[in-house]
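One letter stands for each residue in the lines below.
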Amino acid sequence: MNTQPIGIFDSGIGGTSIWKEITSLLPYENTIYLADSKNAPYGEKSAEKIIEFSVKNTELLLEKGCKIIVVACNTATTNAIEILRSKYDVPFIGIEPAIKPAALQTLTNSIGILATKGTLSSSLFSKTSEKFTSTIKIIEQEGKGIVTLIESDKLVSVEMTLLLHKYLNPMLEQRIDHLVLGCTHYSYLFQQIQKIVGENVQIIDSGLATAKQTNTILEKNNLKNFTSDASKHQFYINSEKDVLESILKEVSLEYTVNKLDF
Ligand code: DGL
């Protein structure tokens with residue numbers, strides 16, 4: 001079982017930011033990554049649809065023999081992880097917007113959160129944010145259109161710059177000193193966002209924390225792979241491969257990218 005792969009899925013290429021953290025922290029582990037780009041963006045779909053996609057992705061990863069599933073998508077985690085955990089026996093790791101560290105560290109008592117509509121409207125997110133709204137101001141902003149631009153190879157583009165200014169400037173006017181990135185696609189915008197918000201705003205991204213949590217859960221379940229054979233990394237995508245290949249081009253590990261209808 002220990003040599004079986006870690007299964008990872010996202011609505012597209014955003015979760016590769018988590019995959020990169022996992023493979024650098026856990027170099028002996030094999031992985032299978034599913035990019036459900038055909039159905040992106042999840043953030044603008046109903047909770048029922050997000051659950052349906054998450055179940056479909058999980059079943060495919062389980063068919064491929066995965067020992068643990070990382071839901072590398074805030075939208076899928078906040079809408080579907082409880083159902084996935086109740087339906088399947090394998091351990092699940094999710095990713096949620098890191099409100100808590102931002103809320104504990106803020107000095108201006110004002111923090112921003114950029115996430116999808118699906119995440120911001122979920123009950124899991126409301127439950128977490130409600131714990132802090134009596135003491136600090138949380139400015140929620142839907143990043144409408146950002147995921148679609150990234151999936152269309154427009155990570156660095158005039159359209160992206162315009163959208164980022166539109167979403168971030170009102171937060172700056174409300175004196176945020178922390179900005180939580182609540183979508184795995186947004187990790188790829190870190191530098192562009194930092195340029196707009198300036199050095200006085202700390203950007204919080206949960207990629208590394210998710211990889212550490214994956215390690216903890218593997219250890220707890222005695223599922224860690226200690227064989228030092230070269231690890232195998234397989235990517236499956238259900239739309240064109242180009243954008244995924246371009247986001248992986250600087251990766252030094254060996255991997256394969258396959259188009260698959262799922
Ligand atoms: N990467 C997904 C997330 O973390 C993007 C969601 C979407 O497809 O809208 O929320």
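Our structure is the block above this text.
Numbers given to residues run from 1 along each chain, matching the order in which its sequence is written. A pLDDT threshold of at least 70 governs which residues receive local features in this predicted model, and a stricter bar of 80 or more applies before side-chain atom pairs are shown or counted, although totals over entire chains, interfaces and linings include all residues. As a convention, hydrogens and water are excluded, and side-chain values are obtained from all of the structure's heavy atoms.

**Here's the deal with the nonpolar core**
Right, on to step 1. Counting 50 residues, the largest nonpolar core has Ile 146, Leu 168, Leu 179 and Ile 193 as the members making the most contacts within it.
Right, on to step 2. In this text, helices come from DSSP runs of H or I with a minimum length of four residues, and strands from runs of E with a minimum of two, each type numbered from the N-terminal end. Ranked by the residues each element gives to this core, the list is headed by helix H8 (residues 158–173), at six residues.
Right, on to step 3. In this analysis, two residues are considered to be in contact whenever any of their non-hydrogen atoms come within 4.5 Å of each other. Excluding residues within four positions of it along the chain, Ile 193 makes contact with Leu 114, Leu 164, Leu 168, Leu 179, Leu 181 and Ile 203.
Right, on to step 4. In this structure, Ile 32, Val 55, Cys 66 and Tyr 236 belong to the second largest nonpolar core, which totals 21 residues. What is meant by a nonpolar core is a set of buried Ala, Val, Leu, Ile, Met, Phe, Trp, Tyr and Cys residues, joined one to another through side-chain atoms within 4.5 Å. Throughout, exposure labels follow a simple rule: accessible area from a 1.4 Å probe, protein chains only, divided by the maximum for the residue type, with under 20% read as buried, over 50% as exposed, and the rest as partly exposed.

**Considerations on the sheet that holds strand S3 (residues 68–71)**
Right, on to step 1. Taken in spatial order, the six strands of this open sheet run S4-S3-S1-S2-S9-S10, and their pairing is parallel. A strand with exactly one partner marks an edge of an open sheet, and here the two such strands are strand S4 (92–93) and strand S10 (256–259).
Right, on to step 2. When DSSP finds two or more bridges between two strands, those strands count as paired. Looking at chain direction, strand S9 (residues 233–237) and S10 are connected through four bridges and run parallel. Bridge pairing links Ile 237 to Lys 259 in S10.

**A look at empty space enclosed by the protein**
Right, on to step 1. Using a 1 Å grid laid over the protein atoms alone, points where a 1.4 Å probe fits but cannot get out form a cavity; open sets with protein on both sides within 12 Å along at least 5 of 7 lines form a pocket; any residue with an atom within 4 Å of a point counts as lining. Grid points are joined across faces, edges and corners, and a volume is the space filled by probe spheres set on the points. Counting across every chain of the model gives one cavity of 30 Å³ or more.
Right, on to step 2. By volume, the largest cavity amounts to about 140 Å³.
Right, on to step 3. Around the largest cavity, the lining is made up of 23 residues, and of these Pro 41, Gly 43, Thr 116, Val 147 and Cys 183 lie nearest the centre.
Right, on to step 4. Looking at the lining of the largest cavity, the elements with two or more residues in it are helix H3 (74–87) and helix H7 (146–151).
Right, on to step 5. It is H7 that contributes the most residues to the lining of the largest cavity, three residues altogether.

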